[in-house]
Amino acid sequence: MKFDIVTIFPSMVRNALVDGVVGRAIDRGLLDVAVHDLREWTDDGHRTVDDVPYGGGPGMVMKVEPLRRAVEAITAARGVPDTVIVLSPQGRVFDQAEAARLAGLAHIVLLCGRYEGIDERVRELVATDEISIGDYVLSGGELPALVLVDTVSRLVPGVVGDVRSVLEDSFSHGVLDHPHYTRPAEVAGSRVPDTLLSGHHAEVRRWRRKAALTRTLDRRPDLLTEAVLDAEGRALLDEIRRERTATPQGTEQETEQ
Ligand code: 4GX
C-alpha cells in the first residue's frame, strides 16, 4: 500500500515513521510511504505556503497553488491516487470502519494543513475527502495523518505479525477489549481472576467475552447500540443486566398485603 504525505514539517513526519510496526512494514516493503515538503512547490523566494484571509480576520490561510502542484507532481511520479484526504476538524470523524475502508485502497494522498485553515478551493479542486481524528483542535494535520497511516497500516495483510492480534483488537467486533493480565498472579493483594489461571480455554474465552461486554456497557454504552452481537453475546449481556438488577441478598421486598 502506498501513502504520500504533504507537509511543511517533513522531518517531523519522517521521524515518526521510523519505529514500531509501521517502520518495520516500510523496511519490509509492505508499505511505501513518501513524505513531501510542501515548500518544494512554492514559486517565490520566500517559499510562501500561506497568505492573509480575504475579508480580514486573524491567522493565515494555506494557499491553493502549492497543494495543487504537489498533488499533480505526486500523480505524475507515483500514479493516480485512489483518494486525496485533507485532515481537518471539519472532516467526518475517523473510526475503525473508515480505516477498514481505506485499507482496501492502494494509494492514498494525505494533505496536512497548518494555520487557521486552507483555501476552500483545495477542497473543491484538490481533495476528494476530508477526515477529522476527533473533536479537538491540533496545531496541524501531521499528527492526524500519522494516526491514519498507523491505523490503516495495521489492517494491511502482513503488517501486524500475528493476525489474531488484529482480529481481537478493540472495535474489530464493535466492543471494547477485555482486561489483560501477566505474571505475577498476585501484586499488592490484587489477584488475577481464577478463571484465567484455570487453563480451561472455554471458560477463559467466556470470561473475556463477558468482561469485554461489562466494560463496554459501563464505559461506552453507545457502542452497544451499534454492535452486532451473536447469540452468546446477547446472552452474556442479558446475564450482566440480570446480575445488576437482581435484588441483593437479605434485602428482599416484603409482599404487600
Ligand atoms: N483532525 N487540525 C489541521 C489546520 C487546518 C484547518 C482546516 C485544514 C483545514 C485536526 C483534527 C485538527 C487543526 C489539523 C487545524 N487544515 N485535523 N489544522 N482534530 O484539529 O484532523
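Just above, that's the structure.
Residues numbered from 1 in each chain as written. Predicted model: local features only at pLDDT ≥ 70, side-chain atom pairs only at ≥ 80, totals over all residues. Heavy atoms only, no water.

Here's the deal with the overall build of the chain
When helices and strands are tallied, the chain shows eleven helices and ten strands. Its C-alpha radius of gyration of 25 Å places the chain more than 25% over the 18 Å reference for a compact globule of 257 residues. Over its C-alpha atoms, taken along the principal directions, the chain stretches across nearly 85 × 50 × 40 Å. Within the chain, the fraction of its 257 residues that count as buried is 39%. The contacts of the chain with a sequence gap of at least 6 include a subset with a gap of at least 24, amounting to 73%. Looking at the chain as shown, the accessible area adds up to about 15,600 Å², and 51% of this sits on carbon and sulfur atoms. For the chain, the centre of its 31 positive side-chain charges and the centre of its 42 negative side-chain charges are spaced 4 Å apart. (Helix = DSSP H or I, 4+ residues; strand = E, 2+ residues; numbered from the N terminus. Rg over C-alpha atoms; globule rule 2.2 N^0.38 Å. Buried < 20%, exposed > 50% of the residue type's maximum accessible area, 1.4 Å probe, protein only. Contact = heavy atoms within 4.5 Å. Areas by Shrake-Rupley, 256 points an atom, 1.4 Å probe, with all protein chains shown as cover. Lys, Arg positive; Asp, Glu negative; His and termini not counted. Charge placed at Lys NZ, Arg CZ, Asp CG, Glu CD.)

Observations regarding unusual backbone geometry
Note: most peptide bonds trans; most residues except glycine with negative phi. A cis amide bond, omega 5°, links Arg183 with the succeeding residue Pro184. Residue placement: Pro184 occurs in the loop between helix H7 (163-168) and strand E9 (186-187). At Arg47, a residue that is not glycine, the phi angle is positive and equals roughly 55°. The phi angle at Tyr115 is positive, at roughly 65°, despite the residue not being glycine. Tracing the backbone through its elements, the reader meets Tyr115 in the loop between strand E6 (107-112) and strand E7 (117-118). The class for Tyr115 is partly exposed, based on a relative accessible area of 33%.

Structural notes on the pairing of strand E5 (residues 83-93)
Sheet topology note: the E5/E6 ladder contains five bridges and is parallel. Residue pairing across strands places Leu87 opposite Cys112, the latter belonging to E6. Each parallel crossover has a hand, and for E5 linked through helix H4 (residues 96-103) to E6 it is right-handed. As judged from the five bridges shared by E5 and strand E8 (residues 129-132), these two strands associate in the parallel manner. When the sheet's bridge partners are listed, Val93 is paired in E8 with Ser132. (Pairing = 2+ DSSP bridges. Right-handed = clockwise from strand over helix to strand, strands pointing away.)

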